[in-house]
Amino acid sequence: MGFPDSAVLPGLGQRLAEVRDGIVDACRSASRDPEDVTLIVVTKFHPASLVAALADLGVRDVGENRHQEAQAKAEELAGLHLAWHFIGQLQTKKARQAARYAHAIHSIDRERLVDALSGVEREIDAFVQINLTDDPHRGGVAPDDALPLAERVLEAPSLRLRGVMAVAPLEEDPARAFERLAGYSERLRSLDPAASAISAGMTHDYAEAIAHGATHLRIGSAITGKRPEPR
Ligand SMILES: *Cc1c(COP(=O)(O)O)cnc(C)c1O
């Protein structure tokens, strides 16, 4: 399976513990229960052996953003029974394949993707990804289109609508962006009260995300160290 770079493994447990402490601290500041926050460790570009090392440290939820890479790791590590979260752009023609290993898809951004997933045999957690920028080329659906898309998810027997997902824009204070996201989450809950999850918060902004109600953090480099170059 290939061992991760020797610079990566030492310190992995330490960095994971530091992030877990940081989550507890941010929850305390926000008067929230850390039990209500799920840490997804983003392992993209890292080898399966790093994911296995994380599993040894008690990690159950891992995030990947490319189908082929995710599929290969999920197959190799099937015995570990991890929950694989798909967090990247998903091509419609790869959707059914991703549905075989994905516990959750955080990047639901168009009806065609929902339709491609709606007939699969497994139940998958679905997050509607919202674009918090004005740039239509960035990932996610425009905020005004989020509710119709969510309705489509609700009609898909294989999808369980969990909530919203977003990436904070680089050019904006993340706290402001996450505040808007919290508003979109509230709108979604008016459609389905159970869809209360908020997938937000990365290495540099997870404390702000927690302050604005994030329930699913997607944290990579703070835990895994620097990412190898994509292959
Ligand atoms: C890579 C990635 C992350 C994790 O980013 P870090 O800054 O390394 O924590 C989170 N969400 C998405 C959608 C990503 O692509």
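Residues numbered from 1 in each chain as written. Predicted model: local features only at pLDDT ≥ 70, side-chain atom pairs only at ≥ 80, totals over all residues. Heavy atoms only, no water.

Caption draft 1: The site of the ligand, seen in detail. All residues adjacent to the ligand are V42, K44, I87, M165, V167, M202, T203, R218, I219, G220, S221 and R227. Within the contact set of the ligand, an oxygen atom lies 2.7 Å away from a side-chain nitrogen or oxygen of K44. The side chain of R218 places a nitrogen or oxygen atom 2.9 Å from a nitrogen atom of the ligand. For the ligand, the accessible surface in isolation is 390 Å², of which the surrounding protein chains cover 89%. Looking at side-chain class alone, the shell around the ligand contains six nonpolar, three polar and three charged residues. (Near = heavy atom within 4 Å. Polar contact = N/O pair within 3.5 Å; in protein donor to acceptor, adjacent residues only side chain to side chain. Areas by Shrake-Rupley, 256 points an atom, 1.4 Å probe, with all protein chains shown as cover. Nonpolar A, V, L, I, M, F, W, Y, C, P; charged D, E, K, R; others polar.)

Caption draft 2: Representation of the environment of L154. For L154, the position within the fold is in helix α6 (residues 146-155). Sequence-distant contacts of L154, defined by excluding residues within four places in its chain, comprise L161, L191 and D192. (Helix = DSSP H or I, 4+ residues; strand = E, 2+ residues; numbered from the N terminus. Contact = heavy atoms within 4.5 Å.)

Caption draft 3: Structural context of the nonpolar core. The biggest cluster of nonpolar side chains holds 68 residues, and the ones touching the most others in it are I23, I108, V128 and I223. When residues in this core are grouped by element, the largest group, seven residues, is from helix α2 (residues 48-56). (Core = buried A, V, L, I, M, F, W, Y, C linked by side-chain atoms within 4.5 Å. Buried < 20%, exposed > 50% of the residue type's maximum accessible area, 1.4 Å probe, protein only.)

Caption draft 4: Highlighting the pattern of salt bridges. Taken as a whole and judged by the stated rule, the model has eleven salt bridges. Across the pair R110 and D109 runs a salt bridge whose closest N-O atoms are separated by 2.7 Å. By relative accessible area, R110 is classed as partly exposed at 23%. For R162, the salt bridge is made with D125, and the minimal N-O distance between the two is 3.1 Å. With R162 in strand β6 (residues 159-165) and D125 in strand β5 (residues 124-129), this pair connects stretches of sequence that are 37 residues apart. The same class applies to R162 and to D125, which are both buried. Through salt bridges that share partners, E64, R66, E69 and K73 make up one connected network. (Salt bridge = Lys/Arg side-chain N within 4 Å of Asp/Glu carboxyl O.)

Caption draft 5: Representation of the side chain of E69 within the structure. Mapping E69 onto the fold places it in helix α3 (residues 67-76). A polar side-chain atom of E69 sits 3.3 Å from a polar atom in the side chain of R66. With near-sequence residues (within four places) excluded, E69 lies in contact with T43, K44, F45, H46 and E64.

Caption draft 6: How the structure looks around α3. Looking only at α3, the buried set comprises H67, E69, A70, Q71, K73 and A74. On its buried face, α3 is in contact with α2, β2 (61-64), β3 (83-86) and α4 (95-101).

Caption draft 7: Molecular detail of the packing of α6 against helix α7 (residues 174-191). At a minimum axis separation of 10 Å, α6 and α7 run at an interaxial angle of 45°. Relative to α7, α6 is oriented oblique. Considering only the axes of α6 and α7, their crossing is right-handed. Where α6 approaches α7, its residues L147, A150, E151 and L154 are matched on the opposing element by R187, L188 and L191. When its residues are assigned to classes, the contact of α6 with α7 shows five nonpolar, no polar and two charged. (Axes fitted to C-alpha atoms, helices over the stretch in contact; angles between N-to-C directions. Parallel < 35°, antiparallel > 145°, perpendicular 65-115°, else oblique. Left-handed = near helix turned anticlockwise from the far one by under 90°.)

Caption draft 8: Quick peek at the pairing of β2. Residue alternation in β2 divides its side chains into two sets, D61 and G63 and V62 and E64, and both sets are buried. Looking at chain direction, strand β1 (residues 38-42) and β2 are connected through two bridges and run parallel. Bridge pairing links V41 to V62 in β2. Taken together, β1, α2 and β2 form a β-α-β motif whose crossover is right-handed. Of the strand pairs in this sheet, β2 and β3 are connected by four bridges, and their pairing is parallel. Looking at the pairing, D61 lines up with A83 of β3. You can see the chain leave β2, run along α3 and come back into β3, and the turn it takes is right-handed. (Pairing = 2+ DSSP bridges. Right-handed = clockwise from strand over helix to strand, strands pointing away.)

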